[in-house]
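Inside the fold
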Amino acid sequence: MWPLFFLACLLMVAILYLPGAFAFCALGLRLEDAVACAPIYGVALISLNAVILPHIGLSASLLTLVVPALAFGVIAYAVAAVRRRKAAGQVKGQTLSETGRLLVCGRSVSAWSVLVAYGVLGGSICCLVFVRNLGDPQAFLQSYDNGFHLAAIRTYLSTGNFSSFSSFYYVPGEAMPMVSQGGFYPSAWHDLCALVAQTFSVPVTLSVNVVNATLAGVVFPVSVFFLLRRLFPGKDSVVVAGAFVAPAFACYPWDFLTWGPLYPNLLTNALVPLGVGAFVALMRPASEKGVRVRMLLVFFAACIAEAFAQPNGVFTMAALLAAYLVWAAMRAAKDAREAGRRAPSPLVAGVLAFFAVGCIWIGCYKLPMLHKVVTFNWPATLGLRGGGLAALSLGMNGHPAQWVLAAIVIVGVVCAMLDRSRDYWWLSVSWAFIAACFVIDVATEGTLKRVTCGFWYADPHRIAANLCLAAIPLAALGLSWLGEKLANVLGRTKRSAVPLTVAVAAGLVVTFPSYLPVASTEGPTAFASLGATVEGQSGLDNVLLDAGEMEFSKEALAMIPEGSLVINEPNDGSAFLYPLLDAKIYYHAFAFFDGTPNETEESLLIRHHLSEYATRQDVRDAVSSIGATYVLVLDQGQGNDRPRLWSYYYEQWNGIEDITDDTPGFTVVLARGDMRLYKIGD
């Protein structure tokens, strides 16, 4: 399956980059900038197409989702090319920068080659940390959130409806324990996974690994390339250093692959650098009108893409850009005064911008549509000192501290604050603000925590990822400064390879021992821990659905008539049988609790009284109404040694858990160890 895995990765790269490259080249961006920004176009157009298709009676596929986006981009590019040829004296492709080249070790190289280097380095780290530790391309994380993610992808494949308004556990019309399902759920990530699974006819879990590897290994690093080019025009050494720090932070993107999992957030955060970079170019005082228009369109596309991926990406951009807006207001006031125009003092302009940003932030916090999000709470787990140390050392959420990388970030913070141009201090302020948010999140409770962290569910993993995004430009700046200073100390010329050598060495130290041929998951480093976590989560031992249970389930499902509905207790791992095997099981979700308004009366009776089938008519009626004929039990008995998620409570499933071989009304069809398939009734 590995050749197919890498072939699918190539398809995902083409889906994300090809349509958008044409579209943004048509807009006037240079090739390297158009390619870097391409995923926001691809994600936005695919998501919008997915919403439209059900209304015109078409099923989602590579042909109906991707080809229209590609065709639109190609047509726009062709029209733009013709217009440029007719426009006498207009420079083809003139965009954000005067040159498409960068200085590397004193030699001029194409910016395109540096972009490729970002993708190659990121992809290599991804293969070393994530892909090779999977063991099997179909491996998957057996966690609560993944139950929904995998089920939604399977439902997309079964219905051909990939709309964000149709992210369902169940195919519409099937028997289900919920009264209704529906509403908006951002599903751009699910769309990409479903496209891979559908196009190659591969398991859902393989498609998930393909999409995640592409996002973490290619899309995010290349997005950082675009961001750093916008943040540091003329500072080519910073852009080069960024290639080595972009994939070096454990808390993003790698943490999102092993905790949660936070796959939709993995996608939206990978696009955040593109939106931030576009906004910086849009608001820069020296930007020309044409540049502003182009960057406004890119920023707008980024907002749409993030809304369909995970809307909190928009708030992540806001958190990163708040200080920039204050800086831009101060710079605009200063420039206006120097030009002889009436304007407030820079200090007053900055204060006004600060309060304007604060009012917008509070206004969003008060929106009724966000109430459930901003009031959701993850309890504090650390004190102020512990939270501060975790943020400074980058050892957040259980990851080992990354002291070398943290020191490089601090060097960048100092460089940004002391830079004579005063163009970069806002980067340090953004980093400090998000670091403070993390400390507030893990160390406090109350209104301040909700206001500062609520847009991300007060989830310390998402806040830590935001801190990584804020730290990456500073790490690139700090690493560049260290390389240049060492070259000066050694008396080397500007053509010296010392800065690049320092960047390579730093990258090797920070990612140690991921690149070793053996023992890459052993040791106290962050990347050893990441590799070990991926390896441990990918196995089929001591998990909800282990290898033996999977084989039993396949055998049991093969014994029953096709289309038979099977009642199950989802927390024994059987919830995964729907996305993995397209099994017709009754409970796809893990958590059902008494008093839930969206649960049917039939489900409530079955959860608590199915074992009384032979003696209670209302139970028999409930089973008959849903059309169930079998019961599957993968962990019989109440032993405490069984792997379970937080959602499992025996008393919520006693009607199924209490069924034994001697329970009247149930006939053993297949038995092995503590696994059973029962026929209901005679």
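The rules behind each value
Residues numbered from 1 in each chain as written. Predicted model: local features only at pLDDT ≥ 70, side-chain atom pairs only at ≥ 80, totals over all residues. Heavy atoms only, no water. 1 Å grid on protein atoms, 1.4 Å probe; cavity = no way out; pocket = protein on both sides within 12 Å on 5 of 7 lines; lining within 4 Å. Points joined across faces, edges and corners; volume = space filled by probe spheres on them. Helix = DSSP H or I, 4+ residues; strand = E, 2+ residues; numbered from the N terminus. Nonpolar A, V, L, I, M, F, W, Y, C, P; charged D, E, K, R; others polar. Expected span 1.5 Å × (residues − 1). Buried < 20%, exposed > 50% of the residue type's maximum accessible area, 1.4 Å probe, protein only. Contact = heavy atoms within 4.5 Å. Pairing = 2+ DSSP bridges. Axes fitted to C-alpha atoms, helices over the stretch in contact; angles between N-to-C directions. Parallel < 35°, antiparallel > 145°, perpendicular 65-115°, else oblique. Left-handed = near helix turned anticlockwise from the far one by under 90°.

1. Describing empty space enclosed by the protein
Taken as a whole and judged by the stated rule, the model has 3 cavities of 30 Å³ or more. One number sums up the size of the largest cavity: a volume of about 120 Å³. Taken together, 15 residues form the lining of the largest cavity, with Phe130, Leu134, Phe140, Leu141 and Leu257 sitting closest to its centre. If you list the elements that add at least two residues to the lining of the largest cavity, you get α4 (111-134), α7 (204-231), α9 (250-258) and α21 (526-538). When the residues that make up the lining of the largest cavity are grouped by side-chain class, the tally is 10 nonpolar, 5 polar and no charged. Considered as a void within the structure, the second largest cavity measures approximately 90 Å³ in volume. Residue lining of the second largest cavity: Leu227, Leu231, Val276, Leu320, Trp426, Leu427, Ser430, Trp431, Leu469, Ala470 and Pro473, and that is the complete set. Elements with a contribution of two residues or more to the lining of the second largest cavity: α7, α17 (425-443) and α19 (460-489).

2. Here we look at helix α3 (residues 62-86)
Relative to the 36 Å expected for 25 residues at 1.5 Å per residue, α3 spans 35 Å between its end C-alpha atoms, a close match to the ideal helical length. All of the buried residues in α3 are Thr64, Leu65, Val66, Ala69, Gly73, Ala80, Ala81 and Arg84. Those residues of α3 hidden inside the fold are in contact with α1 (2-27), α2 (31-52) and α6 (188-200).

3. Points about the pairing of strand β3 (residues 565-568)
Burial of β3 is two-sided: the residues Leu565 and Ile567 facing one way and the residues Val566 and Asn568 facing the other way are all buried. Note: β3 against strand β4 (residues 628-633), 4 bridges, orientation parallel. Considered in β4, the bridge of leucine 565 is made with alanine 628.

4. Quick word on the packing of α19 against helix α20 (residues 498-511)
It is at 8 Å that the axes of α19 and α20 come closest, and there the two elements cross at 130 degrees. The orientation of α19 relative to α20 falls into the category oblique. With respect to the hand of their crossing, α19 and α20 are arranged in right-handed fashion. Contacts from Leu479, Gly483, Glu484, Leu486 and Ala487 of α19 reach α20 at Val498, Pro499, Val502, Ala503 and Ala506. For the contact of α19 with α20, the class distribution of residues is 8 nonpolar, 1 polar and 1 charged.

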